[in-house]
Every structure is written in structure tokens, then in C-alpha cells.
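# Chains, contacts and geometry: an overview
Here is how the chains run, residue by residue.
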Amino acid sequence: MKKVTFILLAISIIACKNSDSASHVEPNPEVNQTATDSSEHNTENMEIAPLLGEINEQDLKQEPFNEWFDRNYQDFTADEAIVEEIDKHIHDYEIVVFMGTWCSDSQRDIPQLFNLLEKVDYDQDRLKIFAVDENKQTPDHKEEAYDVAYVPTIIFMKNGEEVNRFVEFAQESLAQDILKIVKGEDYKNPYAE
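Residues numbered from 1 in each chain as written. Predicted model: local features only at pLDDT ≥ 70, side-chain atom pairs only at ≥ 80, totals over all residues. Heavy atoms only, no water.

## A closer look at the packing of helix H5 (residues 104-119) against helix H7 (residues 174-182)
This is how it is decided: Axis definition: a line fit to C-alpha positions, over the contact stretch in the case of helices; interaxial angles, taken between N-to-C directions, run 0 to 180 degrees. Every helix listed is a DSSP run of H or I at least four residues long, and every strand listed is a run of E at least two residues long, numbered separately from the N terminus. Any angle from 65 to 115 degrees is called roughly perpendicular, while one under 35 is roughly parallel, one over 145 is roughly antiparallel, and all others are oblique. Crossing handedness is defined as follows: a turn of the near helix away from the far one that is anticlockwise and smaller than a right angle gives a left-handed crossing, while the clockwise case is right-handed. Residue contacts are counted whenever heavy atoms from the two residues lie within 4.5 Å of one another.
In the contact formed by H5 and H7, the axes pass within 10 Å of each other and the chain directions differ by 60 degrees. Here H5 is positioned oblique relative to H7, judged by the angle of their axes. For the pair H5 and H7, the crossing hand works out as right-handed. Touching Asp 109, Gln 112, Leu 113 and Leu 116 of H5 are Leu 174, Ala 175 and Ile 178, all from H7.

## Comments concerning helix H4 (residues 80-89)
Note the following rule: A simple rule labels every residue: compare its accessible area, found with a 1.4 Å probe on the protein chains alone, to the largest value its type can have, and call it buried under 20%, exposed over 50%, or partly exposed in between. Arc, as used here, means the arc of the directions from the helix axis to the C-beta atoms. Definition of a polar contact: a pair of N or O atoms within 3.5 Å, with one able to donate and the other able to accept a hydrogen when the atoms are protein atoms, and with sequence-neighbouring residues admitted only if both atoms are side-chain atoms.
Inspection of H4 places Ile 82, Val 83 and Ile 86 among the buried residues, and these make up the whole buried set. Along the long axis of H4, the arc covered by the buried residues comes to 100 degrees, so they all point the same way. Away from its buried face, by an angle of more than 90 degrees, H4 presents the exposed residues Glu 84 and Lys 88. On the buried face of H4, the contacting elements are H5 and H7. Backbone nitrogen of Ala 81 and a side-chain oxygen of the N-cap are separated by 2.8 Å at the start of H4; the cap is Asp 79.

## Focus: the environment of Asn 135
With respect to the element layout, Asn 135 can be found in the loop between strand E3 (127-131) and helix H6 (142-146). Along the primary structure Asn 135 and Tyr 150 are separated by 15 residues, whereas in three dimensions their C-alpha atoms are 9.7 Å apart.

Given below as C-alpha cells:
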């Protein structure tokens, strides 16, 4: 049992990292989401295609993605003092997100991000979200311009220039990491040099 637990933990840790050894599958840019068997609602027998390209919150609230989105959105709590401080600073930033609907880290953090952005009444027009495949690619290769290697990647920008980014997992918590970024405090994601 310990061996199985260790293997599952190892898989979840590396699941959202860039995979050079994964075979490249060219995504179909005309299809955002599909299921191999849409005639049945039993997701155990279906292989779900990930969302790809530019998406929005409503896309994540649709089946089958809403199962993890709704749960992680509702389970998110943040200290009110942290939320109030974020509210003072986050409106100066545009936010660009890269995520994978197949990625457990994205499934955990992106619903929490939406919850936090709702709490501070962030202007959703200043938020762009791109869903990548397991090779961390979008159909039009937007990830290349932002040097994305891991997901989720949440990039905070001012005047078209990157200020800082949250990558893959929190150093403290999602809210505390975002607070450091938007206040301009010293913050380095786990992959920053």
C-alpha cells in the first residue's frame, strides 16, 4: 500500500511539469472540448478531451470540468485581511493564466483564483486564460511568448510588461503569494533563478 501511495504521489507531483518525452499530439483548434462518447453521461467510460486555447470561467463551469471547478471554488477560504490587501493592489494588473484542465495543480488553484478575484471584484476583462495540452501548448502557441513550462502559471502584468508570476504551486498559499506579487514584495516562484 505504501508503494502505491508513493507512486500516486510521484505522478501527481510531476503531472503538471513540462514533459519533453511525451509524444506530441497536434490539437484540433476548432474543438474546445469533446468527449469520445457524448451519447452517455457516465464519465467513467468516457475519455474527456481537455479544453484548449483561450477560455473563460464559464467554460470551466461546464460539464465535466465543473466537478472539480465547483468543489475547489467553494472550498477556498482566505484570510479577510489578506483579501483586503490584495484588493488594494491587484486592480493595477492585467493577469494572464496558463492552465491545463487535465492538471491537478490547475484544478486546485484556478478555481481558487476565480474565487479570490470575485472577492475583490476584479475586472474580468483584464484576465486572459489559456488552456494547454499535456505538452503545455495552445493551438496558436501563445505559451511561447510567455515562456510557459509549468502549469498553472499566473502572470501579473503592468503596461504590457510582466512584473512577476505564480508557477505551479504556492510558496505559502495562493492568496499570500498573490499578495506578495501585487504589493511588489520580494517573491520568487519555485523555478525562478
